[in-house]
Amino acid sequence: MTGIDTHSKHSTHDTDGAQVSTGGAGEATEAIPELVIISGMSGAGRSTAAKCLEDLGWFVVDNLPPALIPTMVDLGARSQGNVARIAVVVDVRGRRFFDNLRESLAALDTKNVKRRVLFLEASDNALVRRFESVRRPHPLQGDGRIVDGIAAERDLLRELRGDADLVIDTSSLNVHELRAKMDAQFAGEEEPELRATVMSFGFKYGLPVDADLVVDCRFLPNPHWVPELRPYTGLNDEVATYVFNQPGAKEFLDGYAELLRIVASGYRREGKRYVTIAVGCTGGKHRSVAMSERLAGRLSSDGVETVVVHRDMGRE
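In this text the structure is predicted, and so the values were computed from the model without any measurement. (Residues numbered from 1 in each chain as written. Predicted model: local features only at pLDDT ≥ 70, side-chain atom pairs only at ≥ 80, totals over all residues. Heavy atoms only, no water.)

Draft legend 1. Up close: the sheet that holds strand E8 (residues 274-281). Strand order in this open sheet of 4 strands is E7-E8-E6-E9, and the pairing throughout is parallel. Strand pairing shows two members of the sheet lacking a second neighbour, strand E7 (213-216) and strand E9 (305-310), which therefore form its edges. Ignoring which end each strand starts from, the neighbouring axes of this sheet average 20° apart. (Pairing = 2+ DSSP bridges. Helix = DSSP H or I, 4+ residues; strand = E, 2+ residues; numbered from the N terminus. Axes fitted to C-alpha atoms, helices over the stretch in contact; angles between N-to-C directions.)

Rendered as structure tokens:
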């Protein structure tokens, strides 16, 4: 990635609480700030993501030890509304504090803090290119190679990545594309109940690393072998008609859409706000594109805010 640094209720809590009201007339109530924790691989774009949130009006703190996050939230709560949204960058520079992160998150949950974890991901090849382009060592490589540092960092961050609310793979994104993704996720005045990204892809180019769910459309006949359809994509009406006239295509769409209704209900109950659904075929040009478009339409009709991305369309 070029240029990227490689509901309201009156209540009474104790002095550690983020919302305080004694019920007396004219007494101030401390507003609980919204919190985003930015983490991920070194070189995957944490600084760009943090800068984007800063431009959107967030109060950004870089490299804050996780043990101090609840204190930061408390200070924001006492700012009389001046610090309503806080973003904290947590990375391997503070690795000795990572053991405190889960404890800090648990403390925030007891205070009903609306918090999200954003994880920036990228492939090993992309990270190596970025570190080599700026001629800087990976912070964990020591006397080894860059790839050794990357492997050590992945192991260190594995649990945090699994707990993340939103994972963004920046392997093929430039600065402007990452900023657009950040704007789409954080610029809105109100947070939707659930936001879905439906991404078509080609298995021959590899699985999307930020996918929560993966669908395989290779059981359907490939329009690539139909000469008059080969030049087109799944966005073409003739290609889509061909795909959905195949045995099992409509039944698969109906069945998976119903499954996603169950999954979406569970995500909402668990407070998960983002889901990436990857729909694959061989090259990511015909079947997966057509299925992604139909699936996104079903999600939208069910009230899920949906964005469609065709990762590999046009690569052939």
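Draft legend 2. Focus on the packing of helix H8 (residues 249-270) against helix H9 (residues 287-301). The interhelical angle for the contact between H8 and H9, taken along N-to-C directions, is 40°, at an axis separation of 10 Å. It follows from the interaxial angle that H8 and H9 lie oblique. The interaxial crossing formed by H8 with H9 has right-handed handedness. Contact residues: H8 offers Ala249, Phe252, Leu253, Asp254, Tyr256, Ala257 and Leu260, while H9 offers Met291, Arg294, Leu295, Arg298 and Leu299. (Parallel < 35°, antiparallel > 145°, perpendicular 65-115°, else oblique. Left-handed = near helix turned anticlockwise from the far one by under 90°. Contact = heavy atoms within 4.5 Å.)

Draft legend 3. Quick peek at the pairing of strand E2 (residues 59-62). As judged from the 4 bridges shared by E2 and strand E3 (residues 85-89), these two strands associate in the parallel manner. Of the residues in E3, the one forming a bridge with Val61 is Val88. In this view, the connection linking E2 to its parallel neighbour E3 by way of helix H2 (residues 69-77) has right-handed handedness. (Right-handed = clockwise from strand over helix to strand, strands pointing away.)

Draft legend 4. Geometry of the nonpolar core. Counting 48 residues, the largest nonpolar core has Leu35, Ile38, Ile69, Leu118, Met182 and Phe186 as the members making the most contacts within it. In contact with Ile69, other than residues within four places in its own chain, are Leu35, Ile37, Leu64, Val88, Val90, Leu101 and Leu108. Counting 29 residues, the second largest nonpolar core, distinct from the first, contains Leu194, Ala240, Ala264 and Val275. (Core = buried A, V, L, I, M, F, W, Y, C linked by side-chain atoms within 4.5 Å. Buried < 20%, exposed > 50% of the residue type's maximum accessible area, 1.4 Å probe, protein only.)

Draft legend 5. Up close: the confidence of the model for the protein chain. Scored by pLDDT, the protein chain has a mean of 83; 86% of the residues are at 70 or more. Per-element mean pLDDT across the protein chain ranges from 81 in helix H3 (residues 101-110) up to 97 in helix H7 (residues 237-244). (pLDDT = per-residue confidence, 0-100.)

Draft legend 6. Here's a closer look at the sheet that holds strand E5 (residues 166-169). Reading across from one edge, E2-E3-E1-E4-E5 is the order of the 5 strands in this open sheet, with parallel pairing throughout. Single-partner strands in this sheet number two, and they are E2 and E5. Averaged over all neighbouring strand pairs, the angle between strand axes comes to 20°, with direction disregarded. Of the pairings in the sheet, the one linking strand E1 (residues 34-40) to strand E4 (residues 115-121) comprises 6 bridges and is parallel in character. Paired with Gly40 across the two strands is Leu120, which belongs to E4. In the packing of H2 onto the sheet, the strands contacted are E1, E2 and E3, and the crossing angle to E3 comes to about 160°.

Draft legend 7. Quick peek at the environment of Asp62. Relative to the helices and strands, Asp62 resides in strand E2. According to the relative accessible area criterion, Asp62 is partly exposed, its value standing at 44%. Separated by 15 residues in the primary sequence, Asp62 and Ser47 place their C-alpha atoms 8.6 Å from one another.

Draft legend 8. Spatial organisation of helix H4 (residues 124-134). When H4 is considered as a whole, its buried residues turn out to be Ala126, Leu127, Val128, Arg130 and Phe131. Its buried side turned inward, H4 meets helix H5 (146-163). At the exit of H4 stands Arg135, carrying a positive phi of roughly 55°.

Draft legend 9. Region of the structure containing the pattern of salt bridges. Using the criterion set out here, one finds 19 salt bridges in the structure. Between Asp74 and Lys111 there is a salt bridge, with its nearest N and O atoms 3.3 Å apart. Note that Asp74 is positioned in helix H2 and Lys111 in the loop between H3 and E4, a separation of 37 residues in sequence. Here Asp74 matches Lys111 in class, with each residue buried. The closest approach of N and O atoms between Asp254 and Arg298, which form a salt bridge, is 2.7 Å. Residue Asp254 is located in helix H8, and its partner Arg298 is located in helix H9; the two are separated by 44 residues in the primary sequence. Under the relative-accessibility criterion, Asp254 is labelled partly exposed at 38%. For Arg298, a relative accessible area of 26% gives the class partly exposed. Through salt bridges with shared partners, a single ionic network connects Lys51, Glu54, Asp55 and Arg179. (Salt bridge = Lys/Arg side-chain N within 4 Å of Asp/Glu carboxyl O.)

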